[in-house]
Amino acid sequence: MESESTSSSAPVNGNLAQTVDDLSKHMLELDEDDDLEVFSKDAMLTDASTFSASMPASPASMINQYKHEDQDIKDVFITVDCPENHVTSIETFVTYRVITKTTRSEFDSSEYEVRRRYQDFLWLKGKLEEAHPTLIINPLPEKFVMKGMMERFNDDFIETRRKALHKFVNRIADHPILSFNEDFKVFLTAQAWELASHKKQGPGLLSRMGETVRAVAASVRGVQNRPEEFTAMNDYVETFSQKMGMLDKIAQRIVKEQKEYLEGMKECGPVYTLWSGSEDQLVEPLKAIAGCIDNCCKVTEEQVAGLSENQVPILHEYVLCAETLKAVLRRRDNIQAEYESKVDALASKKAEKENLKHTDLSFVFGGFLGKNTEEAKHQKQQRLDCEMKELKEEIGRLEDKLECANSTLKVDWERWKRNMQADVRSAFVDMADTNMNYYEKCLAIWESFLTSQKTEVHVEKDTDS
Amino acid sequence: MRGSEILERMADSRSEDVAVIGNTDLSAADPHNNTMTEEGVPLLKTMEISVSEAEKRTGKNAVSMQEVYTVYLIETRPVNTISEGLSAAPDSLWRRYSEFELLRNYLLVTFPYIVVPPLPEKRAEFVWHKLSADNMDPDFVERRRIGLENFLLRVASHSVLSKDKIFYLFLTQDDGWKDVVYDTGFQAKADSRLKALNATFRVKHPDKRYTELKHYSDELHSVISQLLRVRAKVADRLYGVYKVHGNYGRVFSEWSAIEREMGDGLQSAGHHMDAYAASVDDILEEEEHYADQLKEYLYYSEALRAVCRKHELIQYELEMAAQDLVSKKQQREELATGTVRTFSLKGMTSKLFGQETPEQREAKLKILEQQIVEGEELVKTSNAECDEYVRNAWVDIDRFKEQKNQDLKEALISYAVMQISMCKKGIQVWNNAKECFSKMSH
């Protein structure tokens with residue numbers, strides 16, 4: 001968040017009751033340029049390129065647009081594909097092709113093709129989180145796989161990762177706020193060297209460190225009066241995270257057990273075939289059974305693949321999502337904690353000022369320094385007034401920041417929940433379909449065996465009579 | 001003819017006349033008494049037999065130690081009383097597994113040319129993790145009960161075995177049956193026969209059919225063992241897959257508590273997942289039945305092999321007798337003509353230490369002649385025995401083959417039927433679950 005370092009011209013705001021309308025209006029007017037004051041009420045961006053011409057001007061309709069985003073015309077289409085190995089003298093890594101097709105006017109061209117590696121995605125996520133601490137950003141696939149380094153180059157792993165990266169960028173593209181982020185645009189459009197140089201820009205190390213220190217201080221301090229709804233969110237996330245973790249494990253375990261079942265089944269068919277070699281009358285049914293079992297094995301392989309490719313990754317993604325949610329809630333808490341700490345600081349300064357009027361401590365000070373006590377008092381008062389003025393300005397800013405953070409979080413939370421429900425629903429419906437398909441195919445295989453055996457019986461009867 | 005007369009008497013008489021039983025002893029030594037040529041109705045046609053219950057008993061065993069064992073209730077009822085509408089209460093008695101074993105051993109010795117139906121396994125083999133290998137486990141006991149009933153039904157429907165008096169008494173005589181069996185003296189024969197079977201011997205002119213049959217029985221045994229092993233592994237895996245889905249049920253239920261819109265869908269889907277997980281128990285119980293059918297033929301293959309080996313033994317004895325006869329004839333010739341054709345120690349010693357006196361030679365010749373006459377007789381009877389055995393055995397082997405083909409084909413079909421039922425259940429459950437999932441959100 002750059003707003004810390006820029007001076008604010010916004011007056012101390014007595015009116016805390018920002019309507020959601022105003023704030024969402026601000027959100028929609030976000031310019032991609034981070035240097036601009038983000039939460040200034042006064043900023044009315046008239047740069048038409050910021051938003052599409054079809055967007056109506058009134059705040060109410062803007063909110064409507066945000067809420068009914070499902071009906072928005074999707075105007076950015078991204079595909080992530082064609083993973084390739086790159087070998088340099090220092091390292092080996094995989095890049096993915098990212099193709100963007102868009103009708104948005106702020107993009108110079110309507111089609112872009114670039115190559116990105118995992119680190120680039122990671123960078124993008126970091127920038128987005130910086131810019132929008134309380135928006136819920138889709139998680140990235142995990143950085144490392146525990147099993148071993150060579151896993152990185154395994155085809156299945158790369159394919160799973162590619163799918164997750166594809167989903168990641170598309171989710172951002174679908175997000176009404178995130179999709180307009182400047183870094184996102186750079187990510188989609190810049191050539192490798194351009195991206196590298198862009199990465200080097202941005203807040204210096206020191207200011208980022210300052211940011212981190214403040215965040216740590218705030219989190220240590222803790223939040224005093226967290227609004228009920230965010231506590232409820234926290235509780236929800238705790239339970240959700242737990243349950244998702246369990247579901248992820250269960251889904252993976254099922255795949256593992258099914259694979260082992262398949263291995264066992266694969267041994268059955270050959271035994272029946274072997275048996276048929278010793279028999280005369282039973283040759284045909286034994287061979288038929290062996291055939292059925294082999295076919296069932298093929299169907300089982302399809303089923304296992306279906307589960308691994310569709311259901312398991314979605315559940316895993318939501319395990320990571322739960323961590324994202326926790327981080328978002330933490331950041332919100334930190335913003336509130338920071339605000340509260342400034343409010344407390346102001347209160348203590350006020351108290352100090354009050355004390356100044358009534359105590360003679362300054363006498364001690366002044367006597368020590370050989371100054372006039374009245375003068376010393378006055379100087380101190382002035383200093384306090386100055387500090388208090390600064391604090392009030394900061395408080396005003398932080399208050400705005402907090403209000404904004406809270407409302408963006410609330411809206412995005414609903415959005416996230418809707419997406420989550422849709423994803424979970426589709427993952428489990430897929431699982432049910434995969435399993436139904438599996439059983440239906442096996443059923444057909446065994447029924448065909450029965451019919452073949454019945455005809456055998458009929459033939460025998462005929463030859464008897 | 002003599003043998004069949006005895007058997008007629010056996011079938012008609014219902015008395016526990018020991019004399020009658022004593023006659024069955026002859027059937028062991030004399031293969032003439034087979035009933036294959038006889039018109040006879042297997043016992044099962046006239047009598048309803050079942051093993052209906054199992055119970056635990058405690059008692060003192062042979063070394064006066066307390067033991068727990070299971071007894072099985074055998075119920076019998078003459079068929080005509082049923083068809084006449086008279087619902088007579090069945091006769092019943094309790095027997096334990098060891099008594100069944102005794103019966104079977106008796107049948108094995110008494111009818112060596114018959115492929116005797118096997119008993120259910122003594123100890124649980126080819127288990128997968130769910131079944132305990134414990135003989136006291138109720139599932140094991142139940143499956144054993146079914147197996148014992150199957151054994152009795154098979155024996156009772158066999159045209160030869162069902163007519164045996166000892167078998168009949170097994171079904172009907174409560175007290176003292178064991179003594180009756182031991183009195184037949186079959187155990188003495190059992191020992192010598194079984195010992196001979198285990199010994200290694202080579203037959204010079206093996207009957208090709210029996211050699212092939214022996215190979216077949218070995219192959220059948222091997223392949224069914226493999227199948228049972230693989231099948232146990234697969235059953236274990238299948239159990240795992242289904243049961244893990246039960247976890248879905250639990251987690252869905254817990255998760256539904258925090259979800260507003262999805263809660264109901266999750267909860268009801270969870271119930272279907274629980275049902276899915278539970279359904280595997282029935283599935284595997286049915287599959288166990290299929291495994292039992294295979295096991296029966298695993299043990300049948302052993303019985304088949306025993307018949308082949310007995311034939312080899314008889315053949316071997318015949319060959320030995322024939323060989324002995326030839327060598328004795330040769331000796332006679334040598335003694336008579338004074339020429340030594342083959343090397344013999346006697347020949348050498350006589351050469352070294354001088355010839356025998358004519359009187360000694362005469363005595364020897366006389367003994368030899370006697371031995372040759374006996375030898376010829378032995379060869380004749382052995383030959384007859386062998387032929388008889390081959391004939392009888394081959395009839396039963398043909399019967400067995402028919403039975404095996406039919407039974408195994410039915411087993412394979414029932415396996416397919418089981419798979420179909422499993423698939424249908426699966427489709428239903430996942431269809432229901434899908435409906436619940438579809439209701440989540442929107």
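Before any of the text, the structure's been laid out above.
Now for a look at the structure at hand. (Residues numbered from 1 in each chain as written. Chains lettered and ligands numbered in written order. Predicted model: local features only at pLDDT ≥ 70, side-chain atom pairs only at ≥ 80, totals over all residues. Heavy atoms only, no water.)

Attention now goes to unusual backbone geometry. Even without glycine at this site, Cys82 of chain A takes up a positive phi of about 45°. Position of Cys82 of chain A among the secondary structure elements: in strand E1 (residues 76-87). (Helix = DSSP H or I, 4+ residues; strand = E, 2+ residues; numbered from the N terminus.)

Right, let's talk about the environment of Asp400 of chain A for a bit. When you line up the elements, Asp400 of chain A lands in helix H11 (residues 373-464). Taking C-alpha positions, Asp400 of chain A is 9.7 Å from Tyr339 of chain A, a pair spaced 61 residues apart along the chain.

All names here are of chain A. Its location among the elements puts Thr189 in helix H5 (residues 182-189). Engagement of the side chain of Thr189 in a polar contact is seen with the backbone oxygen of Lys185, the distance being 2.8 Å. Other than its neighbours up to four places away in sequence, Thr189 contacts Phe107, Tyr112, Val114, Arg116 and Glu194. (Polar contact = N/O pair within 3.5 Å; in protein donor to acceptor, adjacent residues only side chain to side chain. Contact = heavy atoms within 4.5 Å.)

Turning our attention to the pattern of salt bridges. Residue and element names in this part refer to chain B. This structure, assessed with the given rule, holds 59 salt bridges over all chains. In this structure, Glu121 and Arg143 form a salt bridge, with 3.9 Å as the shortest nitrogen-oxygen distance. Taken together, the residues span a long stretch of sequence, with Glu121 in the loop between helix H5 (97-110) and helix H6 (138-156) and Arg143 in helix H6 at a distance of 22 residues. Of the charged contacts, one joins Glu296 and Arg154 as a salt bridge, the two residues approaching to 2.5 Å between their closest N and O atoms. Remark: Arg154 occurs in helix H6 and Glu296 occurs in helix H11 (residues 263-337); sequence separation between them is 142 residues. (Salt bridge = Lys/Arg side-chain N within 4 Å of Asp/Glu carboxyl O.)

The next subject is the packing of helix H4 (residues 155-174) of chain A against helix H9 (residues 283-358) of chain A. The description of two helices packed together rests on the angle between their axes and the distance between the axes. All names here are of chain A. Packing of H4 against H9 brings their axes to within 11 Å, and their N-to-C directions diverge by 55°. Relative to H9, the element H4 lies oblique. Crossing of H4 against H9: the hand is right-handed. Residues Lys163, Lys167 and Arg171 of H4 form the contact with H9, whose own contacting residues are Glu309, Ile314, Glu317 and Tyr318. Here the contact of H4 with H9 is built from residues that sort into two nonpolar, no polar and five charged. (Axes fitted to C-alpha atoms, helices over the stretch in contact; angles between N-to-C directions. Parallel < 35°, antiparallel > 145°, perpendicular 65-115°, else oblique. Left-handed = near helix turned anticlockwise from the far one by under 90°. Nonpolar A, V, L, I, M, F, W, Y, C, P; charged D, E, K, R; others polar.)

The next point concerns helix H7 (residues 165-172) of chain B. Summarising burial for H7 of chain B: seven of the eight residues are buried, a large majority. For H7 of chain B, the N-terminal cap is Asp164 of chain B; the gap from its side-chain oxygen to the backbone nitrogen of Ile166 of chain B is 2.8 Å. (Buried < 20%, exposed > 50% of the residue type's maximum accessible area, 1.4 Å probe, protein only.)

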